[in-house]
Each structure stands twice: as C-alpha cells, then as structure tokens.
Amino acid sequence: MPIDVPRYLQRLQLDAPPPLTLAGLTLLQQRHNALLPFETLTSLLRDAVAIDLDSVQHKLLHAQRGGYCFELNGAFLALLQALGFDAQPLSARVLLSATDGGLTARTHLLLRVRLQEEDWLVDTGFGSLTPTVPLRLHETAVQDTPHERYRVRTLDDGDFMLAAEAGDDWRALYRFDLQLPAPIDNEVGNWYVCTHPQSSFPGQLRASLTGPDWRRTIGSGNYTEYRPGQAPAKRPLRDVQDVREVLQQGFGMRLPDDPRLDPAIADWLQRSRATSV
C-alpha cells in the first residue's frame, strides 16, 4: 500500500503539500519533530518492531503513536518521495555509546535530500538530539538550528560524522556513508535494535518531542523539558499513572490498550530507580 499522503499531511496539521523547496522541506521536518514523537513503547513491551510501510503508517497515522528511526524516517522518506522530493535513505553507525573507537553496527536510518544540486541531511528519528532542520551535508562549518548546533565532518576513510554541541564540548552522534542501504539491511539493523540482548532498547522507555522553542524527553525514569537559554527542567516520574499522563499530554500519544503496558512501565521505573541509586 502506498503512503496515505492526505492522512499524513493531516497528521502534520498541513492543509496542502508544501513547495519542493528548502523552506517546504524544513516545514515538513519541523512539523514531524513536533507532532510525531520518537517513542519506544513497542520495545518497552519487548515486542518486535514492524517497519514495513503498512505497519508503520497504521501506527503513526491511525493509532496516534510515534516510533524510532526505522519507523519515523522510513515513513518520512515515503512521504517526501510521494510529494516529489529527491530523497534517499542512508544508514549510520551510532557513536553515542561506542567505546574505545570500536566500530558499531548500522542501526540508524537517516535521509539525504537533494535540492537544487545540493545535498541535505534530514533526520526525524534520533530522539533527544534529532536535528530540527535540514543540515548541509557538505558544509564543514558549524550549523545553527533553533535548538542545538551541529557539525558534519568528513572522516579520513570518506565517511561522514554528525556531532552536536553539548555545553562546551561536542558529542559524536553517528557516522555514515552515502551508499544506498538495501531493504534487507534495514530489516537486519532494526531486528538487532528491537530484539538483540545487547541492544539498549528492549525493556526501555524513551520518548522525545521537539517544538519551536522546546524539547521534551523521557528516559532513565525522568521527564525533562529543555528550553533555549534555560536550565533543563527535570523531574523523576512518580508512578505508572504519571508516565501515562506525560505520554498522553506531553507527547500527544494514544496509548495502546495492552494489559502488559502498565506492568512494563512499573518494571521500567523500578529498574531506572535502582540504576540511579
């Protein structure tokens, strides 16, 4: 089934497709980040995450849910292509938890969009450090966004690396090349993320949503709201009901009617508190 463009635009609160320009692409990315949350409820339940287009668009457009990179960027790619943008998927190796320079697996899906012979990095699925506007792929200078500042570097082996400014330092987010991943590569990467015992996703709850001047996140048993120029407002999530209310009100999610959900949230909260002690 092709992507349901009218329903997708409705989800993004757009009455009509934007123009095939940088401004139009930026509008789509900003609406995506503000209305379709990065969230891992499926992984919290330790279920496999389906990334075929039918499953993803049902989850995002009909069930009022979000997802992670293979879902969010996978659906966004289908939308961009349906609208007429020159968009392609790319696959990245996440560096946030890499140790001793070790090579990590390709477990992140991002997009490259070409506009007027210039390539742009577009990402709607990297959680709390997702870029909120397109980034010039071949620009070496620091790039400002409404939220963090980013930098794209070319490595010695020809790969690209995206980093985000964090205080007085820079955090390497992921490295990637421009090779088009085969669908099976995404299937394998996704399967690792949602099922492998060494993956950090199974049994964990994470969420992120980013508006014009705010970013909201859930992780490690806490809810945090970031605003430019202010200290992060962080508080522990009290109990299952508190988590449910934050997800519904702060992230605009319709929670699944699954009897396993509340026990999974309670278990996650207990494990998060034990880890923070």
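Above this text you will find the structure in question.
Bear in mind the structure is a predicted one, so any value in this text is a computation, not a measurement.

Asks: Lay out the environment of leucine 137 in plain terms, naming residues and giving numbers.
Replies: Its place among the elements puts leucine 137 in the loop between strand 5 (135–136) and strand 6 (143–144). For the pair formed by leucine 137 and valine 122, sequence separation is 15 residues and the distance between their alpha carbons is 9.2 Å.

Asks: Can you explain the sheet that holds strand 13 (residues 233–236)? Please cite residues and give values.
Replies: Two orientations exist for strands paired in a sheet by backbone hydrogen bonds: parallel and antiparallel. Here five strands make up an open sheet; going across it, the order is 1-10-11-12-13 and the pairing antiparallel. Strands at the two margins of the open sheet, each flanked by one partner only, are strand 1 (38–39) and strand 13. When strand 11 (residues 214–219) meets strand 12 (residues 222–226), the two strands line up antiparallel, connected through five bridges. Bridge pairing in strand 12 places glycine 219 opposite asparagine 222. On the sheet, helix 2 (residues 22–35) packs against strand 10 (207–211) and strand 11 and is oriented at approximately 135° with respect to strand 10.

Asks: Residues and numbers for the pattern of salt bridges, please.
Replies: What the rule picks out here adds up to 20 salt bridges. The shortest N-O distance in the salt bridge between aspartate 159 and arginine 175 comes to 3.1 Å. Of this pair, aspartate 159 sits in the loop between strand 7 (149–154) and strand 8 (160–166) while arginine 175 sits in strand 9 (residues 169–176), placing them 16 residues apart in sequence. The pair aspartate 159 / arginine 175 is uniform in exposure class, with both members buried. Close ionic contact of arginine 216 with glutamate 225 constitutes a salt bridge, the shortest N to O distance being 3.6 Å. The pair arginine 216 / glutamate 225 is uniform in exposure class, with both members buried.

Asks: Please provide a residue-by-residue account of the packing of aromatic side chains, values included.
Replies: Tallying each qualifying case throughout the model produces six aromatic pairs. Here the aromatic rings of tyrosine 68 and phenylalanine 70 are separated by 6.2 Å at their centres, their planes lie at 70°, and the arrangement is edge-to-face. Like tyrosine 68, the residue phenylalanine 70 is buried in the burial classification. A ring pair is formed by phenylalanine 126 and tyrosine 174, whose centres lie 5.1 Å apart and whose planes are at 70°; its orientation type is edge-to-face. With phenylalanine 126 in the loop between strand 4 (118–122) and strand 5 and tyrosine 174 in strand 9, this pair connects stretches of sequence that are 48 residues apart. Using a relative accessible area of 0% as the deciding quantity, one classes tyrosine 174 as buried. Sitting above the plane of the tryptophan 170 ring, arginine 151 keeps its charged end 4.3 Å from the centroid.

What counts, and where the lines are drawn
- Residues numbered from 1 in each chain as written.
- Predicted model: local features only at pLDDT ≥ 70, side-chain atom pairs only at ≥ 80, totals over all residues.
- Heavy atoms only, no water.
- Helix = DSSP H or I, 4+ residues; strand = E, 2+ residues; numbered from the N terminus.
- Pairing = 2+ DSSP bridges.
- Contact = heavy atoms within 4.5 Å.
- Axes fitted to C-alpha atoms, helices over the stretch in contact; angles between N-to-C directions.
- Salt bridge = Lys/Arg side-chain N within 4 Å of Asp/Glu carboxyl O.
- Buried < 20%, exposed > 50% of the residue type's maximum accessible area, 1.4 Å probe, protein only.
- Phe/Tyr/Trp six-rings, centres within 6.5 Å; stacked < 30°, edge-to-face > 60°.
- Lys NZ or Arg CZ within 6 Å of the ring centre and 35° of its normal.

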